[in-house]
Amino acid sequence: MSDCIFCKIVAGEIPSFKLYEDDEVFSFMDINPLHDGHCLIIPKAHYPNIFEAPGDVLAKLMPVVGRMARAVNAALSPDGINIMQANGEAAGQSVFHIHFHVLPRAMGDDAKINWGLRPGDMDRIAANADKIRAALAADGA
Ligand code: AMP
Ligand code: ZN
């Protein structure tokens, strides 16, 4: 989809802090992180939401969601992690290319499901990306 920001990230037309890539799946840092290590996992192919993404695409995504959650956990030791996935504006979806959030949590942060977008510090996001990539490399599967 030519006007989709995540398709442009997959195509390398706009920059991202890439964490992982295979034939069908791509993972990168969220640039408006709720907390350190907030990252996203997407299929390379464009599907707007979970209603339209075929089962085999979802099946390719989920092992990577697990790997990324383990890597964020190992790299940054957040107090907890939510896996979040929004479908529709009312559910808090703002980018209409299906994505899973690995959403680190801090004890007592009282985060809401619609946590709001606040631009992160790019140097800090880059440093966190380095740590997550190192943890990913240390985790064989
Ligand atoms: P959602 O609100 O569930 O649709 O999540 C979309 C997420 O994409 C938000 O957390 C945004 O911060 C994130 N996002 C939007 N544009 C970019 C971008 N260019 N690079 C990285 N993350 C982005
Ligand atoms: Zn797209």
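As the structure is a prediction and not an experimental result, all values here were calculated from the model.

**Remarks on the coordination of the zinc ion (ligand 2)**
Each protein donor to the zinc ion (ligand 2) is listed here as Cys4 (SG), Cys7 (SG), His46 (ND1) and His97 (ND1); together their distances run 2.0 to 2.3 Å. Each of the four donor atoms bound to the zinc ion (ligand 2) contributes to angles spanning 107 to 116°, and the resulting shape is tetrahedral. Expressed as a motif, the donor residue spacing for the zinc ion (ligand 2) is C-x2-C-x38-H-x50-H. With histidine 46 in the loop between β3 (39-43) and α2 (55-76) and histidine 97 in the loop between β4 (80-84) and β5 (100-105), the pair connects residues that are 51 residues apart, well separated along the chain.

**Observations concerning the sheet that holds β4**
Strand pairing within a sheet occurs via backbone hydrogen bonds; the two strands may be parallel or antiparallel. The five strands lie next to each other as β1-β2-β3-β5-β4, forming an open sheet whose pairing is antiparallel. A single partner strand is all that each edge strand has here, and the edge strands are β1 (18-21) and β4. Ignoring which end each strand starts from, the neighbouring axes of this sheet average 15° apart. Here β3 runs beside β5; their pairing, made up of three bridges, is antiparallel. Bridging from a neighbouring strand, cysteine 39 pairs with valine 102 of β5. Those strands touched by α2 are β1, β2 (25-29), β3, β4 and β5, and its axis lies near 160° from that of β3. Contacts from helix α3 (residues 122-138) reach β1 and β2, with the element oriented near 35° to β1.

About the thresholds
- Residues numbered from 1 in each chain as written.
- Chains lettered and ligands numbered in written order.
- Predicted model: local features only at pLDDT ≥ 70, side-chain atom pairs only at ≥ 80, totals over all residues.
- Heavy atoms only, no water.
- Donors = N, O, S within 2.8 Å, 3.2 Å for Na, K, Ca; no water.
- Tetrahedral: all angles 85-135°; square planar, octahedral: opposite > 155°, others 65-115°.
- Helix = DSSP H or I, 4+ residues; strand = E, 2+ residues; numbered from the N terminus.
- Pairing = 2+ DSSP bridges.
- Axes fitted to C-alpha atoms, helices over the stretch in contact; angles between N-to-C directions.
- Contact = heavy atoms within 4.5 Å.

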